[in-house]
Amino acid sequence: MNPDNLARLRQGVYRLLGAGLAPPSADTIGHTIASIPVLEDLGLFDFAFSTPLVDYTEQLAAADLDQLVAAYMALFEVGVGGASCPPTESAWLANPHTGNVAVIHSDLRRTYLRYGLRPAGPLKDTIDHATVELDVMSSLCESEAVSLGAGRPIERARRNQREFLNVHLGRWIPGFARAVERTDRHPAYTALARSTHAYLVHDVELLAILGAGDDAGPQP
């Protein structure tokens with residue numbers, strides 16, 4: 001596959017998954033469904049992760065918005081009894097009695113600053129939210145695509161991607177996704193959890209393969 005198309009595909013998939021873990025609206029649902037043909041043109045169906053991803057978008061297209069909003073709140077929003085599956089890194093990795101939440105947030109702020117990124121959107125202040133972290137990965141893939149288009153080196157962009165997956169997303173999304181699947185409160189969110197987990201597993205493996213090429217030095 002063309003390296004630029006691959007970077008743009010990865011950018012789009014991360015953005016799609018991040019949007020799915022934000023509060024639902026008619027606009028975001030429409031944009032998510034409309035993104036599949038764009039991703040298809042970039043080579044989506046060359047990869048096994050396309051099957052759960054398309055299943056998610058089909059479930060989303062069939063969903064009633066009011067029911068989707070209710071399921072989102074029950075699953076992800078902290079209420080009187082707490083969220084069933086809070087979509088934040090600190091909820092899964094931190095011990096609130098030892099101050100780990102602050103440590104995770106501080107580390108993320110330094111990491112975003114080092115990457116030259118600033119979270120945006122309605123969830124920007126919840127810097128360890130899945131939507132924010134998935135959007136960060138999307139932005140890192142975009143940086144790779146821009147560098148490719150300009151003929152600049154891409155090793156740093158890929159190194160940042162591997163780091164962010166290994167230190168952050170890859171450490172908590174699998175447990176979070178399994179919890180959403182077990183809860184099975186709404187078929188769209190069950191499919192989204194399955195798709196997100198499958199995609200992260202794929203991308204970790206892909207970056208390991210691409211990293212071997214990065215480390216090999218310039219090719220003739």
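Look a little higher up for the structure.
Definitions and limits used
- Residues numbered from 1 in each chain as written.
- Predicted model: local features only at pLDDT ≥ 70, side-chain atom pairs only at ≥ 80, totals over all residues.
- Heavy atoms only, no water.
- Helix = DSSP H or I, 4+ residues; strand = E, 2+ residues; numbered from the N terminus.
- Rg over C-alpha atoms; globule rule 2.2 N^0.38 Å.
- Buried < 20%, exposed > 50% of the residue type's maximum accessible area, 1.4 Å probe, protein only.
- Contact = heavy atoms within 4.5 Å.
- Areas by Shrake-Rupley, 256 points an atom, 1.4 Å probe, with all protein chains shown as cover.
- Lys, Arg positive; Asp, Glu negative; His and termini not counted.
- Charge placed at Lys NZ, Arg CZ, Asp CG, Glu CD.
- Axes fitted to C-alpha atoms, helices over the stretch in contact; angles between N-to-C directions.
- Parallel < 35°, antiparallel > 145°, perpendicular 65-115°, else oblique.
- Left-handed = near helix turned anticlockwise from the far one by under 90°.
- Expected span 1.5 Å × (residues − 1).
- Phe/Tyr/Trp six-rings, centres within 6.5 Å; stacked < 30°, edge-to-face > 60°.
- Salt bridge = Lys/Arg side-chain N within 4 Å of Asp/Glu carboxyl O.

## Focus: the overall build of the chain
- On a plain count of helices and strands, the chain comes out with 9 helices and 0 strands.
- Going from the N terminus to the C terminus, the chain shows its helices and strands as α-α-α-α-α-α-α-α-α.
- Compactness check: the chain gives a C-alpha radius of gyration of 17 Å against a globular reference of 17 Å for 220 residues, within 12% of the reference.
- Seen through its C-alpha atoms, the chain measures out along the principal axes to roughly 60 × 45 × 25 Å.
- In the chain, buried positions account for 46% of the 220 residues.
- Sequence separation of 24 or more characterises 71% of the internal contacts of the chain that already satisfy a separation of 6 or more.
- Here the chain displays about 10,900 Å² of accessible surface, and carbon together with sulfur accounts for 54% of that area.
- Once the 18 positive and 26 negative side-chain charges of the chain are each reduced to a mean point, those two points are 9 Å apart.

## Observations concerning the packing of helix α1 (residues 3–20) against helix α3 (residues 50–62)
- Viewed as axis vectors pointing N to C, α1 and α3 meet at an angle of 40 degrees, and their least axial separation amounts to 12 Å. Put simply, α1 runs oblique to α3. Between α1 and α3 lies a crossing whose hand is left-handed. Counting all contacts with α1, which are made through V13, L16, L17 and G20, the residues of α3 involved are L53, Y56 and T57.

## Description of helix α2 (residues 26–41)
- Its 16 residues place the ends of α2 24 Å apart at the C-alpha level, agreeing with the 22 Å of an ideal helix rising 1.5 Å per residue.
- For α2, the full list of buried residues reads I29, T32, S35, I36 and L39.
- The inward-facing, buried residues of α2 abut α1, α3 and α4 (65–76).
- The positive-phi residue at the C-terminal boundary of α2 is G43, with phi of around 105 degrees.

## A few points about the packing of aromatic side chains
- Applying the stated criterion to the full structure yields 11 aromatic pairs.
- Residues Y14 and Y199 carry aromatic rings whose centres are separated by 4.9 Å and whose planes lie at 75 degrees to one another, so their mutual orientation is edge-to-face. Separated by 185 residues along the polypeptide, Y14 in helix α1 and Y199 in helix α9 (residues 187–215) bring together distant segments of the chain.
- Given a relative accessible area of 0%, Y14 falls into the buried group.
- An angle of 45 degrees between the planes, with centres 6.2 Å apart, marks the rings of Y112 and F164 as tilted. Of this pair, Y112 sits in helix α6 (residues 100–115) while F164 sits in helix α8 (residues 155–183), and the two are 52 residues apart along the sequence. F164 shares its class with Y112; the two are buried.
- Ring pairs connect the aromatic residues Y72, F76, W92, W172, F176 and Y189, which therefore count as one cluster.

## Comments concerning the pattern of salt bridges
- This structure, assessed with the given rule, holds 7 salt bridges.
- For R10, the salt bridge goes to D203, with nearest N and O atoms at 2.7 Å. Of this pair, R10 sits in helix α1 while D203 sits in helix α9; the two residues are 193 residues apart in sequence, bridging distant segments of the chain.
- We classify R10 as buried; its relative accessible area is 2%.
- Residue E181 is joined to R194 by a salt bridge in which the shortest nitrogen-to-oxygen separation is 3.3 Å. Residue E181 is located in helix α8, and its partner R194 is located in helix α9; the two are separated by 13 residues in the primary sequence.
- For E181, a relative accessible area of 26% puts it in the partly exposed group.

## Details of the environment of A70
- Mapped onto the fold, A70 is located in helix α4.
- Overall, A70 belongs to the partly exposed group, its relative accessible area being 44%.

None of this, on its own, says anything about what the molecule does.
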